[in-house]
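Understanding the architecture of this molecule
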Amino acid sequence: MRPIWLPRQPARNNRPVYLPWPVPIRYGQVTLFFAPMFEQLADIGEKLSALERRLADPELLTRQDEYRAAVREHTQVARVAALYGQYKKLLAEIAGSRELAQTEEDPELVSLARAELEALEARKPELERAIRIQLLPRDPNDEKNIFLEIRAGTGGDEAALFAADLFRMYNRYSESKGWKVEVVNSSATGIGGFKEIIAQISGAQVYSHLKYESGVHRVQRVPDTETQGRIHTSAVTVAIIPEADEVELHIEPNELKFDVYRSSGPGGQSVNTTDSAVRVTHLPTGMVVTCQDEKSQHKNKAKALQVLRARLLDKLEQERHERISEDRRGQVGSGDRSERIRTYNFPQGRVTDHRINLTLYRLDQFMEGVLDEVLLPLATHFQTEALNRTDGL
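Residues numbered from 1 in each chain as written. Predicted model: local features only at pLDDT ≥ 70, side-chain atom pairs only at ≥ 80, totals over all residues. Heavy atoms only, no water.

**A look at the overall build of the protein**
Short version of the rule: Numbered from the N terminus, helices here are DSSP runs of H or I no shorter than four residues, and strands are runs of E no shorter than two. The classification of residues rests on relative accessible area computed with a 1.4 Å probe and restricted to protein chains. Under 20% of the type maximum is buried, over 50% is exposed, and intermediate values are partly exposed. Contact criterion: two residues are considered in contact whenever any of their non-hydrogen atoms come within 4.5 Å of each other. All accessible areas in this document rest on Shrake-Rupley with a 1.4 Å probe, and a residue is counted as covered only by the protein chains that are shown.
What the protein contains, in helices and strands, is nine helices and 13 strands. Taking all 393 residues of the protein together, the buried fraction comes to 39%. Relative to all contacts within the protein whose residues are 6 or more apart in sequence, the contacts with residues 24 or more apart total 58%. Summing over all exposed atoms, the protein offers an accessible surface of approximately 22200 Å²; the carbon and sulfur share of this is 50%.

**Digging into the pattern of salt bridges**
A side chain with one charge can pair with a side chain of the opposite charge if their charged atoms come near. Formally: Basic side-chain nitrogens of Lys or Arg form a salt bridge, by our definition, when they fall within 4 Å of a carboxyl oxygen of Asp or Glu.
The full count for this structure, using the stated rule, is 20 salt bridges. Where aspartate 165 meets arginine 221, a salt bridge forms, and the shortest distance between an N and an O atom there is 2.9 Å. Placement of the pair is aspartate 165 in helix H4 (residues 157–177) and arginine 221 in strand S6 (residues 215–221), with a sequence separation of 56 residues. Among the residues examined, aspartate 165 registers a relative accessible area of 26% and is labelled partly exposed. Across the pair aspartate 353 and arginine 355 runs a salt bridge, and its minimum N-O distance is 2.8 Å. Note on accessibility: aspartate 353 and arginine 355 belong to one class, buried.

**Some details on the packing of aromatic side chains**
Test applied: Each Phe, Tyr or Trp ring (for Trp, its six-membered ring) is paired with any other whose centre lies within 6.5 Å, and the angle between the two planes then decides the class: stacked below 30 degrees, edge-to-face above 60, tilted in between. As a reminder, the over-ring test applies to NZ of lysine and CZ of arginine, requiring each to be within 6 Å of the ring centre and within 35 degrees of the ring normal.
Under the defined criterion, the tally for this structure stands at five aromatic pairs. Aromatic pair phenylalanine 162 and tyrosine 344: ring centres 5.1 Å apart, planes at 65°, arrangement edge-to-face. Remark: tyrosine 344 occurs in strand S11 (residues 340–345) and phenylalanine 162 occurs in helix H4; sequence separation between them is 182 residues. Residue classification places phenylalanine 162 among the buried positions, given a relative accessible area of 0%. Measuring from ring centre to ring centre gives 6.5 Å for phenylalanine 167 and phenylalanine 194, while their planes differ by 75°; the resulting arrangement is edge-to-face. On the criterion of sequence distance, the pair formed by phenylalanine 167 in helix H4 and phenylalanine 194 in strand S5 (residues 194–202) is long-range, its members being 27 residues apart. For the pair phenylalanine 167 and phenylalanine 194, a shared accessibility class is recorded, and that class is buried. By way of ring pairs, the aromatic residues Phe162, Tyr344 and Phe366 are connected into one cluster. Over the ring of phenylalanine 346 we find arginine 221, and its NZ or CZ is 4.9 Å from the ring centre. In this arrangement the basic side chain of lysine 301 is found over the ring face of phenylalanine 258, its NZ or CZ atom lying 4.5 Å from the centre.

**Quick word on H4**
The condition that has to hold: The length a helix should cover is 1.5 Å for every residue beyond the first.
The end-to-end C-alpha separation of H4 is 31 Å, in line with the 30 Å expected for 21 residues at 1.5 Å each. Of all the residues in H4, the buried ones are Glu158, Ala159, Ala160, Phe162, Ala163, Ala164, Leu166, Phe167, Met169, Tyr170, Tyr173 and Ser174. Following H4 by one or two positions, glycine 178 adopts a phi angle in the positive range, close to 80°.

**Here we look at the sheet that holds S6**
Operational definition: In short, DSSP must find at least two bridges between two strands for them to pair. Note on method: axes are straight lines fitted to C-alpha atoms, helices fitted across the in-contact stretch only, with angles between N-to-C directions ranging 0 to 180 degrees.
With mixed pairing, eight strands are arranged side by side in an open sheet as S4-S5-S3-S7-S6-S11-S12-S13. A single partner strand is all that each edge strand has here, and the edge strands are strand S4 (180–188) and strand S13 (358–360). For this sheet, the mean inter-axis angle between neighbouring strands, taken without regard to orientation, is 15°. Both strand S3 (residues 146–152) and S5 contribute to a ladder of six bridges, which runs antiparallel. In the sheet register, glutamate 149 faces S5, and the bridge partner there is isoleucine 198.

**Structural notes on the sheet that holds strand S8 (residues 256–261)**
Hydrogen bonds along the backbone pair up the strands of a sheet, which may run parallel or antiparallel. Ordered in space as S8-S9-S10, the three strands form an open sheet in which the pairing is antiparallel. Only two strands of the sheet have a single neighbouring strand rather than two, namely S8 and strand S10 (287–291). Geometrically, the sheet is characterised by an average inter-axis angle of 15° between neighbouring strands, direction not taken into account. With six bridges connecting them, S8 and strand S9 (residues 277–282) associate as antiparallel partners. Directly across from lysine 257, in S9, lies its bridge partner threonine 281.

**Thoughts on the side chain of lysine 211**
Applicable threshold: Definition of a polar contact: a pair of N or O atoms within 3.5 Å, with one able to donate and the other able to accept a hydrogen when the atoms are protein atoms, and with sequence-neighbouring residues admitted only if both atoms are side-chain atoms.
Tracing the chain through its elements places lysine 211 in the loop between helix H5 (206–210) and S6. Within the structure, the side chain of lysine 211 is placed 3.5 Å from the side chain of aspartate 139, a separation counted as a polar contact. Those residues in contact with lysine 211 that lie beyond four places of it in its chain are Asp139, Asp142 and Ile240.

**Some remarks on the nonpolar core**
Note the cut-off: Residues grouped as a nonpolar core are buried Ala, Val, Leu, Ile, Met, Phe, Trp, Tyr and Cys residues, joined through side-chain atoms within 4.5 Å.
Core analysis: the largest hydrophobic core is formed by 35 residues, its most contacted members being Leu148, Ile150, Leu166, Tyr170, Leu210 and Tyr344. Elements with a minimum of two residues in this core: S3, H4, S5, H5, strand S7 (232–242), helix H8 (363–367) and helix H9 (372–391). Among the elements that take part in this core, H4 stands out by supplying eight residues, more than any other. When near neighbours in sequence (up to four residues on either side) are disregarded, leucine 148 contacts Phe167, Tyr170, Ile197, Ile198, Ala199, Ile201, Val238, Ala239 and Ile240.

As structure tokens, this is what we get:
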């Protein structure tokens, strides 16, 4: 049976205006009253069926970009449809229990109905929140691969060593997720650290998991070279840049300058003997990217262009964020690379994320790539902020 809607008010500023009262929907023999924000889900079953029919079309397989987009959309719609189905079932059970509690004459049955009603009502806000989170605008970069850029900051050799520790940490986390990590460029120190290391991480929803890692990571520990046991504080910057497709950012060939030179550092016979390293300069912005980790000049050139494209797109995004009004800057600034986002205190075995005031005394596990104890609460925190802004519209 098709749902019956109350008349809607016109949209205001291209945003739907939700009615201040619940909307009745027939579910079987019961009339359910939905929160107005869920009225857009009335035809989600039909939308899911249409997507399934589209995915079954053999011609779609010949257009891989469209096919992948359809698969992603189907996954999202199926997730929402499942939650919406649970919600309708829950409301039907609430309506049934309420009716029983109001009409039943047996005191024992009334007591049981009221207890069940209380338990069902307690589940409702959590399920509503889960649906609202799924209805938030999706970050278009969530499905993308990333470039991870780690650079030693203040602290000299100790910062370079911690940069290597962070890279190892993210590498372990990537392994646990089944992602592929490929070093694009690195500048190693003689003591096992990195002044800079850039890696491409490929896999399912990499950016979605790591997008809140951009910022300043501070480490407090006693360096191996410290003879008096004093704790030193160093800093490392991390940048998470989503990979840019060619269709998203077109670079004119005459805007690029290519230089080739001999690679430095370990790497086999080809290193230091052939001009395999590549330096790419984007003339309009002066942005420079180097790549020397591959033995082939062509592969280094391709990787350097990938990094350059991602950085340019990220620069455009940062400039766009700067133009957003002041009341939105709290969210946009959450990934600002000038912010101190996390402290790693080795003497105390403590890791603290300053954005959500979360402290864990499991630093050893964290450095081994067990990051979800922090990353999941971070995602929940920013989802809650997005929901609060939506409620305020």
